[in-house]
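What follows is each chain in one-letter form.
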Amino acid sequence: MNLTIIQLRTMHLNDCIDLDQKSLNGLWTRSQWQRELTDPKRIALGLIEIETKKLLGLCSAWLVIDELQITFLAVHPLHQRKGLGKFLLSDLIKRSKSLQTNHIHLEVKENNEPAKAFYKAMGFKTVGNRSNFYKDGSDALILKKESLNKS
Ligand SMILES: CC(C)(COP(=O)(O)OP(=O)(O)OC[C@H]1O[C@@H](n2cnc3c(N)ncnc32)[C@H](O)[C@@H]1OP(=O)(O)O)[C@@H](O)C(=O)NCCC(=O)NCCS
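Now for a description of the structure that goes with this document. Quick caveat: nothing in here was measured; it's all calculated off a predicted structure.

Reading the values: the criteria
Residues numbered from 1 in each chain as written. Predicted model: local features only at pLDDT ≥ 70, side-chain atom pairs only at ≥ 80, totals over all residues. Helix = DSSP H or I, 4+ residues; strand = E, 2+ residues; numbered from the N terminus. Expected span 1.5 Å × (residues − 1). Buried ≥ 20, exposed ≤ 12 C-beta atoms within 10 Å, placed from the backbone. Arc of directions from axis to C-beta. Contact = placed C-beta atoms within 7 Å. Near = placed C-beta within 6 Å. Nonpolar A, V, L, I, M, F, W, Y, C, P; charged D, E, K, R; others polar.

**A few points about helix H3 (residues 84-98)**
The terminal C-alpha atoms of H3 lie 22 Å apart, and with 15 residues this matches the ideal 21 Å at 1.5 Å per residue to within 8%. For H3, the complete set of buried residues consists of Gly-85, Leu-88, Leu-89, Leu-92 and Ser-96. Across the axial projection of H3, the buried residues extend over an arc of 90°, all falling on one side. Of the exposed residues in H3, those oriented more than 90 degrees away from the buried face are Lys-94 and Ser-98. As for H3, its buried residues are in contact with strand E1 (3-7), strand E2 (42-49), strand E3 (55-64), strand E4 (67-75), strand E5 (103-109) and helix H4 (113-121). Just downstream of H3, Gln-100 is the residue with a positive phi angle, here 60°.

**Comments concerning the site of the ligand**
Around the ligand sit 19 residues, and of these Gln-80, Gly-85, Lys-86, Pro-114 and Ala-117 come closest. Looking at the shell around the ligand, the elements with two or more residues in it are helix H1 (13-24), E4, H3 and H4. Sorting elements by how many residues they give to the shell around the ligand places H4 first, with five residues. A per-class count over the shell around the ligand returns 11 nonpolar, five polar and three charged.

So, in structure tokens, the structure goes:
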């Protein structure tokens, strides 16, 4: 599989919504995706299969001072556990180093075991939790990866 990572734009809006539907049952609305793809303070990266031009993975984040907040990360359900999530997140970390980012943090549903295992494998540690964070009332764990510019 030949893959490339690109900065996503408004022209990818429908693909983002489709991948969000398939991987997280539609976490965000169309207008939230529109903002994600147009706000200059945000980074939205897409993992594209070159031959088919299909969006297989998607990661978005925004920078607050020296901290990168990951707001969305998903790999197409048919392509999970093939190293694509690692490829995408590693690329985001590489790019964020050049933005002088010192920490990355994110929230993950406390019962999302695959995602928790993934972030642990990527070096994230649990630093807190938020009660009743998601629409369905479940809690979020706050995960953090520290000192990117020292590694
Ligand atoms: C979380 C997610 C992005 C991981 O992407 P992925 O491409 O499947 O993960 P990778 O193949 O790169 O996995 C890298 C490592 O993470 C760990 N890991 C990933 N998925 C795992 C799982 N289901 N169970 C246990 N460990 C897992 C493993 O250590 C894996 O390395 P290995 O395959 O050599 O053992 C993917 O499962 C996904 O899209 N889930 C649905 C959306 C979601 O929950 N997003 C997170 C919201 S915060």
